[in-house]
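Listed below are the residues making up each chain.
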There are 2 protein chains.
Amino acid sequence: MSYIYQLGERRVIDIIMHHLDTMPEMVIPFWDDVSAYNLGEGEIAILKSDMLVWSTDIPPGMTHYQAARKAVVMNISDLAAKGVKPLAILASLGLPKNMLESEVVEIAKGMNKGAREYGAYLIGGDTNETGDIIICGMAFGLAKKGKILRRDGARPGDILATTGTFGKTAIGLQFLLKDLVIPVDIQKVILNAVYLPQARLKEGLALRDSGAVTSSTDSSDGLALSLHDLSRSSKVGFIVDYLPSALEAHRIAELHTLELSDLVLYGGEEYELIFTVKPGMVEDAKKALSKVGGELIEIGKVTKDKEILFQVKDKIKSIIPGGWEHFKDSVPV
Amino acid sequence: MSYIYQLGERRVIDIIMHHLDTMPEMVIPFWDDVSAYNLGEGEIAILKSDMLVWSTDIPPGMTHYQAARKAVVMNISDLAAKGVKPLAILASLGLPKNMLESEVVEIAKGMNKGAREYGAYLIGGDTNETGDIIICGMAFGLAKKGKILRRDGARPGDILATTGTFGKTAIGLQFLLKDLVIPVDIQKVILNAVYLPQARLKEGLALRDSGAVTSSTDSSDGLALSLHDLSRSSKVGFIVDYLPSALEAHRIAELHTLELSDLVLYGGEEYELIFTVKPGMVEDAKKALSKVGGELIEIGKVTKDKEILFQVKDKIKSIIPGGWEHFKDSVPV
């Protein structure tokens, strides 16, 4: 019999799902970023719940306000990846009893800010007593049938793209956790990426309306793992031929002779959207994003073979499914 | 500046709500058992999230299966109290990495059972790494406008009633936590009350359809505290003249010379509904409950004064707002 640190998060989720009865009409299958309930007449309720755990998810220096805001934003990011506007947020809080009133106030303000930034309201939740600070956020939204950017629609020949660059949070976490030296002039932008992540909501809504997108996910577990998630759901592969690296990641990789692709592929806690576009509609998707101040970065193509490859000039290598995975990626107790 | 163990859960919730922007159209106000979002055309989405924390919520001997089932049932109980059928359940899990695969399987089966018993399906969630086992359940349902059993509709003169008796879980917890001696012939029913609580869903739906009910809540925090919650929301008081005590509670109170009213009022973790009925419609509510195999126990009346009183023969005393309150009811660290 195995311990779950030997299995890793994705295998644990597999095991759980194996023991669940499946709702007869699953509008969105398991393994997508969100869950859905069919309201009828073409209307779908979208539901998401995701938990923030202080001891494992919060880097040094992050305030209660920032953590609470992030707990809400990370749920909204999953809706954003589906092209769904968040309408209401709930939060179940686990709080240690020796917390200060002022810390609870900061958590309330942070949750409220996270919801209001994206037009939603916090409408309920509950409080519980825990050893660690736990913020379990829940996001609710509405979607029209057939207008949800699912994970399972990518087809060979589609273009693979992202809404932005990667690598800042990887650097930020190394700066905070491993004392990596970062030039002062980029510290603020790096720390903002870690402490104040942004959900790509207007980008997700624009992509949905463009009609150009065949599949989409957010990248909270890192670019590599998110590509594997898209691959699994869509039953396709990818060949990545352009690394969407942040300028700051370039600079730090050179400065410390770090592998740039590691910073970009395996960072995690970034909330860019990773999506596929019908081959003839890349310009439509670009225009849609540009209208809302966003950008589309082409990074590769969808392939029939279920491998995930990275091509640099003539060399091709596999992108292994690394990135943050709970249970596995910490030292066993 | 205060620590939250000095404030107690209800004050903490007050503080949090003070810092939240209120959604313009709150179909159900804060301080009710559930939250709601207006879908338009008379349709309301009902949302609830509530967290089960192993170290504070799980008594000795409770299995992973039972705990997971209860985490779902306690969310369904809140919908039941509103007369709302649960349709879909989500669960965010916090799992220690040294858990066994078999324990995760039991959690999955328990959650599934909790949902299926009440006709709902588990449709999503996520997993996280925590020190303690955390099961944050979320329930989704639909209601028609004006057909929700809110907390704020009780009016002076209404009849106060419950769907069943109280006291079994109080005894059960003392049996498990304090070695209270319980006769063998009632141990099973007592332990079932603790380990396999039932949500009063068919009762809640029947009461909703009866049109007789003016307010309702579940009693997960104990009868006394739930009466205070109803009082606060409805801006009324209660005079309780009949103690809805379980036969087992009677017997144990006599055997150990315990105060019966303490077992009944301050037990908690029971999921009976506490509700108020229009004075002329008690028979309608009784018939509605009887049709689904339930019962209505009249325990008192709604009063204009916001006090909560207990009358035994000529003596009247206050029912203080005891019952389980997080942060406060455990020894400060």
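Residues numbered from 1 in each chain as written. Chains lettered and ligands numbered in written order. Predicted model: local features only at pLDDT ≥ 70, side-chain atom pairs only at ≥ 80, totals over all residues.

A.B. asks: Can you help me understand the overall build of chain A in this one?
C.D. replies: Along the backbone of chain A there are 12 helices and 12 strands. Taken across its 333 residues, chain A has 58% of its residues classed as buried. Of all intrachain contacts in chain A linking residues separated by at least 6 positions in sequence, the fraction that spans at least 24 positions is 83%. (Helix = DSSP H or I, 4+ residues; strand = E, 2+ residues; numbered from the N terminus. Buried ≥ 20, exposed ≤ 12 C-beta atoms within 10 Å, placed from the backbone. Contact = placed C-beta atoms within 7 Å.)

A.B. asks: Where do I start with the nonpolar core in this structure?
C.D. replies: A general tendency of soluble globular proteins is for nonpolar side chains to be buried together. Ile 89 of chain A together with Ile 89 and Phe 140 of chain B are the most contacted members of the largest nonpolar core, which has 221 residues in total. Once residues within four sequence positions are removed from consideration, Ile 89 of chain B is found in contact with Val 72, Ala 115, Ala 120, Tyr 121, Leu 122, Ile 123, Gly 137, Met 138 and Ala 139 of chain B. (Core = buried A, V, L, I, M, F, W, Y, C linked by C-beta atoms within 7 Å.)

A.B. asks: How should I be thinking about the pairing of strand 3 (residues 86-95) of chain B in this particular structure?
C.D. replies: Within a regular beta strand, the side chains point alternately toward one face of the sheet and then the other, so they alternate between its two faces. Residues and elements named next belong to chain B. When you tally the buried positions in strand 3, you get 10 out of 10 residues, the bulk of the element. Bridge count for strand 3 against strand 5 (residues 134-144) is eight bridges, and the pairing is antiparallel. Bridge pairing in strand 5 links Leu 93 to Ile 135. (Pairing = 2+ DSSP bridges.)

A.B. asks: What's the story with the relation of the copies chain B and chain A in this structure? I'm lost.
C.D. replies: Between the two copies of the chain lies a rotation about an axis combined with a shift along it. It takes a turn of 180 degrees to lay chain B on chain A, together with a shift of 0.0 Å along the axis; the resulting RMSD is 0.0 Å. Both copies of the chain, as the preceding transformation shows, are related through a two-fold rotation axis. Residue Cys 136 of chain B of chain B places its C-alpha closer to the rotation axis than any other residue of that unit, at 3.5 Å. A share of 100% of the interface residues of chain B reappears at the interface of chain A, consistent with the copies meeting face to face through the same patch. (Least-squares fit on C-alpha atoms with pLDDT ≥ 70 in both.)

A.B. asks: When you look at the sheet that holds strand 11 (residues 308-312) of chain B in this model, what are you seeing that I'm missing?
C.D. replies: Pairing between the strands of a sheet is mediated by backbone hydrogen bonds and can be parallel or antiparallel. All names here are of chain B. With mixed pairing, seven strands are arranged side by side in an open sheet as 7-9-6-10-8-11-12. At either end of the open sheet lies a strand with only one pairing partner, and these are strand 7 (213-218) and strand 12 (315-318). On average, adjacent strands in this sheet sit at an angle of 25 degrees to one another, irrespective of strand direction. Both strand 8 (residues 237-240) and strand 10 (residues 297-303) contribute to a ladder of four bridges, which runs antiparallel. For Phe 238, the partnering residue across the bridge sits in strand 10 and is Val 302. Relative to the sheet, helix 9 (residues 223-234) contacts strand 7, strand 8, strand 9 (273-277) and strand 11, its axis offset from that of strand 7 by approximately 135 degrees. (Axes fitted to C-alpha atoms, helices over the stretch in contact; angles between N-to-C directions.)

A.B. asks: For this particular structure, what's the right way to read the sheet that holds strand 1 (residues 35-40) of chain B?
C.D. replies: Residue and element names in this part refer to chain B. A sheet is described by the order of its strands in space; here five strands give the open sequence 1-2-5-3-4, paired in mixed fashion. The outermost strands of the open sheet, each flanked by one partner alone, are strand 1 and strand 4 (121-129). Between one strand axis and the next, the sheet turns by 20 degrees as a mean value, whatever way the strands run. Alignment of strand 2 (residues 43-53) against strand 5, held across 11 bridges, turns out to be antiparallel. When the sheet's bridge partners are listed, Ala 45 is paired in strand 5 with Leu 142. Across the face of the sheet, helix 5 (residues 101-117) comes into contact with strand 3 and strand 4 while running at roughly 145 degrees to strand 4.

A.B. asks: So what exactly am I meant to see when it comes to the environment of Lys 317 of chain A here?
C.D. replies: Locating Lys 317 of chain A in the fold gives a position in strand 12 (residues 315-318). Filtering out sequence-adjacent residues up to four positions away, Lys 317 of chain A remains in contact with Leu 309 and Phe 310 of chain A.

A.B. asks: Would you mind showing me how to read the pairing of strand 2 of chain B here?
C.D. replies: Residue and element names in this part refer to chain B. Of all 11 residues that make up strand 2, 10 are buried, and the element is covered over most of its length. Pairing geometry for strand 1 and strand 2, over five bridges, is antiparallel. Bridging from a neighbouring strand, Gly 40 pairs with Glu 43 of strand 2. Remark: two residues form the turn of the hairpin made by strand 1 and strand 2, two consecutive strands paired antiparallel; Glu 41 in that turn has positive phi of roughly 50 degrees.

A.B. asks: Would you explain the interface of chain B and chain A in this entry?
C.D. replies: Interface size is often expressed as the accessible area that is lost when the parts come together. Taken residue by residue, the interface counts 64 residues in chain B and 64 residues in chain A. Here the side of chain B that touches chain A takes nine residues from strand 4 of chain B, the largest share from any one element. Its residues placed into classes, the side of chain B that touches chain A shows 35 nonpolar, 19 polar and 10 charged. (Nonpolar A, V, L, I, M, F, W, Y, C, P; charged D, E, K, R; others polar.)

A.B. asks: Looking at this model, I keep getting lost on the packing of helix 6 (residues 168-178) of chain B against helix 7 (residues 184-195) of chain B. Mind explaining?
C.D. replies: The packing of two helices is summarised by the inter-axis angle and the distance between the axes. Residue and element names in this part refer to chain B. The contact between helix 6 and helix 7 brings their axes to 8 Å, and the two run at 95 degrees. When the axes of helix 6 and helix 7 are compared, the pair comes out roughly perpendicular. Touching Lys 168, Thr 169, Ile 171, Gly 172, Leu 173, Phe 175 and Leu 176 of helix 6 are Val 189, Ile 190, Leu 191, Ala 193 and Val 194, all from helix 7. (Parallel < 35°, antiparallel > 145°, perpendicular 65-115°, else oblique.)

A.B. asks: Which parts of the structure should I look at to understand the domain arrangement of chain A?
C.D. replies: Residue and element names in this part refer to chain A. With domains assigned, chain A is organised as domain 1 (31-144) and domain 2 (159-318). Using only C-alpha atoms to locate each centre, domain 1 and domain 2 end up separated by 23 Å. Listed as interface residues are 20 residues of domain 1 and, on the opposing side, 22 residues of domain 2. For the side of domain 1 that touches domain 2, the residue count by class is 10 nonpolar, four polar and six charged. (Domains from an automatic or database assignment.)

A.B. asks: Help me understand the environment of Ala 154 of chain B, please; the structure alone is not making it clear to me.
C.D. replies: Residues and elements named next belong to chain B. Looking at the secondary structure, you find Ala 154 in the loop between strand 5 and strand 6 (159-162). A residue is classified by how many C-beta atoms lie within 10 Å of it, and Ala 154, with 27 of them, is buried. In contact with Ala 154, other than residues within four places in its own chain, are Thr 214, Ser 215, Leu 230, Ser 234, Val 236, Thr 276 and Val 302.

A.B. asks: Would you take a moment to explain unusual backbone geometry for this structure?
C.D. replies: Most peptide bonds take the trans form, and the phi angle of most residues other than glycine is negative. Phi is positive for Glu 269 of chain A, close to 60 degrees, though the residue is something other than glycine. Within the secondary structure layout, Glu 269 of chain A lies in the loop between helix 11 (260-265) and strand 9 (273-277). The phi dihedral of Glu 41 of chain B falls on the positive side, at around 50 degrees, and the residue is not glycine. Along the chain, Glu 41 of chain B turns up in the loop between strand 1 and strand 2.

A.B. asks: Where do I start with helix 5 of chain B in this structure?
C.D. replies: The α-helix winds at 3.6 residues per turn, so residues separated by three or four positions along the chain end up facing the same way. End to end, helix 5 of chain B covers 24 Å across 17 residues, agreeing with the expected 24 Å (1.5 Å per residue, within 8%). Summarising the contacts, the buried residues of helix 5 of chain B are in contact with helix 1 (4-7) and helix 2 (9-18) of chain A together with helix 4 (64-81), strand 3 and strand 4 of chain B. Where helix 5 of chain B terminates, the next one or two residues include Gly 119 of chain B, which has phi positive at roughly 85 degrees. (Expected span 1.5 Å × (residues − 1).)

A.B. asks: Hey, could you run me through the confidence of the model for chain A in this one?
C.D. replies: Note that predicted coordinates carrying low pLDDT should not be read in detail. Considering every residue of chain A, the mean pLDDT works out to 95; 98% of them sit at 70 or more. Both confidence scores are given for the complex: pTM 0.96, ipTM 0.94. (pLDDT = per-residue confidence, 0-100.)

A.B. asks: Honestly, helix 10 (residues 247-255) of chain B in this entry has me stumped. Any pointers?
C.D. replies: Residues and elements named next belong to chain B. For helix 10, the set of buried residues is Glu 248, Ala 249, Ile 252 and Ala 253. For helix 10, the angular spread of buried residues about the axis comes to 130 degrees, placing them on one side. Seen from the open side of helix 10, the exposed residues pointing more than 90 degrees away from its buried face are Leu 247, Glu 254 and Leu 255. In the core, the buried residues of helix 10 are packed alongside helix 6, helix 7 and helix 11 (260-265). Following helix 10 by one or two positions, Thr 257 has its phi on the positive side, about 40 degrees. (Arc of directions from axis to C-beta.)

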